[in-house]
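As a plain string of letters, each chain reads:
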Amino acid sequence: METLQDIEAIVAEAMGVDIAEMRSGSKCADVSTARHFVWYICRNENITAMRDLTREYNRFRRAIFHGISKIKFGIKTQSYYKNIYAKICDIRERKKGTR
């Protein structure tokens, strides 16, 4: 079973950002989008509880819900988000095959 740290590593690889940056308060678009993808995957697949995300990322629940909603809507409507999500899924499948 994947953990929060596994998802962070996969998203960081897919988006070319640093895990420490994702956990920081950076508002850079690439970093915040990566952070939102981590939150989306972790909650969508019940990998991590909401309270654990709030503690790990030092964010309010509302901020995490907003990030998750942004990604959920983006995957449905924007090719940019669809392509990133497809890349993340490809990396996850590749890593599952090496276990």
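The rules behind these values
- Residues numbered from 1 in each chain as written.
- Predicted model: local features only at pLDDT ≥ 70, side-chain atom pairs only at ≥ 80, totals over all residues.
- Heavy atoms only, no water.
- Helix = DSSP H or I, 4+ residues; strand = E, 2+ residues; numbered from the N terminus.
- Buried < 20%, exposed > 50% of the residue type's maximum accessible area, 1.4 Å probe, protein only.
- Lys, Arg positive; Asp, Glu negative; His and termini not counted.
- Charge placed at Lys NZ, Arg CZ, Asp CG, Glu CD.
- Axes fitted to C-alpha atoms, helices over the stretch in contact; angles between N-to-C directions.
- Parallel < 35°, antiparallel > 145°, perpendicular 65-115°, else oblique.
- Left-handed = near helix turned anticlockwise from the far one by under 90°.
- Contact = heavy atoms within 4.5 Å.
- Nonpolar A, V, L, I, M, F, W, Y, C, P; charged D, E, K, R; others polar.

A. Looking closely at the overall build of the protein. Tallying secondary structure elements over the protein gives six helices and zero strands in all. Considered along the principal axes of its C-alpha atoms, the protein spans approximately 35 × 30 × 25 Å. Within the span of the protein, comprising 99 residues, buried residues form 41% of the whole. The distance from the centre of the 19 positive side-chain charges to the centre of the 12 negative ones in the protein is 8 Å.

B. Broad picture of the packing of helix α1 (residues 4–15) against helix α3 (residues 29–44). Where α1 meets α3, the closest approach of the two axes is 9 Å, and the angle between their N-to-C directions is 140°. In terms of orientation, α1 lies oblique with respect to α3. Relative to α3, α1 is oriented so that their crossing is right-handed. Together, Leu4, Ile7, Glu8, Val11 and Met15 of α1 and Asp30, Thr33, Ala34, Phe37, Val38, Ile41 and Cys42 of α3 make up the contact between the two elements. Counted by class, the contact of α1 with α3 contains nine nonpolar, one polar and two charged residues.

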